[in-house]
Amino acid sequence: IILRSSMYVGSVEPTEEKIPIIENNKLVLKNKIFSIGMHKLFGEVLDNSFDELKHLYQTRPNYKGKIEVKIDTEYNLVSVKDNGRGFYKGLDINEKTGLNNIVTAFSELRAGSNFKNDDEASNLIGTNGVGASVVNVLSDLFQIITSDGKYKYEHTWQKFETTETDIQYGSFKTGTEVNFVSNVIFKLISVSFIFLTSYLVVANLSNPNKLIVVGII
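This structure is a prediction, so every number in the text was calculated from the model and none was measured.

1. Things to note about the pairing of strand 3 (residues 66-72)
Pairing analysis gives 6 bridges linking strand 3 to strand 4 (residues 77-82), with the strands arranged antiparallel. Of the residues in strand 4, the one forming a bridge with V69 is V80.

2. Focus: the packing of aromatic side chains
Inspection of the entire model under this criterion finds 3 aromatic pairs. Ring geometry for F106 versus F142: centroids 5.6 Å apart, planes at 45°, classification tilted. You can see F106 sitting in helix 3 (residues 101-107) and its partner F142 sitting in strand 5 (residues 139-147), a full 36 residues away along the chain. There is no split in this pair, since F106 and F142 are both buried. Cluster of aromatic residues (ring-pair linked, three or more members): F87, F106, F142 and W157.

3. Concerning the confidence of the model for the protein
Put simply, the protein has an average pLDDT of 75, and 67% of its residues get 70 or more. Across the protein, element-level confidence peaks in strand 6 (residues 151-158) with a mean pLDDT of 96 and bottoms out in helix 1 (residues 6-9) with 49. Ignoring residues within four places in sequence, the model shows residues 1-5, a span with pLDDT below 50, making 13 contacts including any to other chains. Counted against residues more than four places away or in other chains, residues 117-129, with its pLDDT under 50, gives 24 contacts.

4. Description of the nonpolar core
Core analysis: the largest hydrophobic core is formed by 31 residues, its most contacted members being V80, F106 and F180. Within the residue set of this core, elements represented by two or more residues are helix 2 (36-59), strand 3, strand 4, helix 3, helix 4 (132-137), strand 5, strand 6 and strand 8 (175-182). Here this core takes 9 residues from helix 2, the largest share from any one element. Setting aside residues up to four positions removed in sequence, F180 forms contacts with M38, L41, F42, V45, N76, L77, V78, V135, S139, L141 and F142.

5. Some details on the pattern of salt bridges
Pairs can form between side chains of opposite charge whenever their charged atoms are close. Applying the stated rule across the entire model yields 3 salt bridges. Between E68 and K66 there is a salt bridge; the shortest N-O distance is 3.1 Å. Here E68 falls in the partly exposed class, since its relative accessible area comes to 25%. Judged by relative accessible area, which is 31%, K66 ranks as partly exposed.

6. Describing the environment of F142
F142 gets classed as buried once you look at its relative accessible area, which sits at 0%. Excluding anything up to four places from it in sequence, F142 contacts F106, A132, V135, N136, H155, T156, W157, V178, N179 and F180.

7. Let's talk about a positive patch on the surface
Residues K70, K81, K152 and K173 make up a contiguous surface patch of positive charge. Considering the arrangement of structural elements, one finds K70 in strand 3.

8. Remarks on the pairing of strand 8
Burial within strand 8 is extensive, with 8 of its 8 residues counted as buried. Of the two faces of strand 8, the one carrying G175, E177, N179 and V181 and the one carrying T176, V178, F180 and S182 are both buried. With 6 bridges connecting them, strand 4 and strand 8 associate as antiparallel partners. Bridge pairing in strand 8 links V80 to V178. Pairing between strand 5 and strand 8: 8 bridges, direction antiparallel. Residue S147 lies in a different strand from strand 8, and its bridge partner there is G175.

How each quantity is defined
Residues numbered from 1 in each chain as written. Predicted model: local features only at pLDDT ≥ 70, side-chain atom pairs only at ≥ 80, totals over all residues. Heavy atoms only, no water. Pairing = 2+ DSSP bridges. Helix = DSSP H or I, 4+ residues; strand = E, 2+ residues; numbered from the N terminus. Phe/Tyr/Trp six-rings, centres within 6.5 Å; stacked < 30°, edge-to-face > 60°. Buried < 20%, exposed > 50% of the residue type's maximum accessible area, 1.4 Å probe, protein only. pLDDT = per-residue confidence, 0-100. Contact = heavy atoms within 4.5 Å. Core = buried A, V, L, I, M, F, W, Y, C linked by side-chain atoms within 4.5 Å. Salt bridge = Lys/Arg side-chain N within 4 Å of Asp/Glu carboxyl O. Patch = residues over 30% accessible without salt bridge, like charges linked within 9 Å, V, L, I, M, F, W, Y side chains within 5 Å. Areas by Shrake-Rupley, 256 points an atom, 1.4 Å probe, with all protein chains shown as cover. Lys, Arg positive; Asp, Glu negative; His and termini not counted. Charge placed at Lys NZ, Arg CZ, Asp CG, Glu CD.

Structure (structure tokens):
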């Protein structure tokens, strides 16, 4: 995937295109140099949280869904956190991979966000874009922290190699948090905060029931 990353996320080279940005409190199109691939990774992770809240609103329309996004432009760290339900049967061992369902979703190709909570149609793995596993492969650091209320599970990879896992049992707030630092193959090293902020505004307008908080660490 790393050697053929453009097949999965588009160009990793700096690209100049007209993109939507916020200027003087208005959304306008302007020519900007940015990394298409880097922002594809961001979009994959963000869409996973949107999908989770979308499923929640279908059964619990009064649910106060929330997505928090933090962007550290110094270390190129992106964090996306939602207050959804966590992973359905997340700690169960997947028959095909021999790994728990959480690790499977983030390390097996095309195990997309629909894997998170779909007890009626678990065969939908991989229907959501390139999947979070590709984000993991193309990241120098990738971390998942998730809870279904009864447990809190944390798993960290560095260059797609597991470096840390932790499970705590008890009573926790539900939700999922993904933190990642993109791989150095992305030539435009600095995350474009202006573009990502604009991306969030557009996403929020198309998902009016969801609250997004943007901040710089």
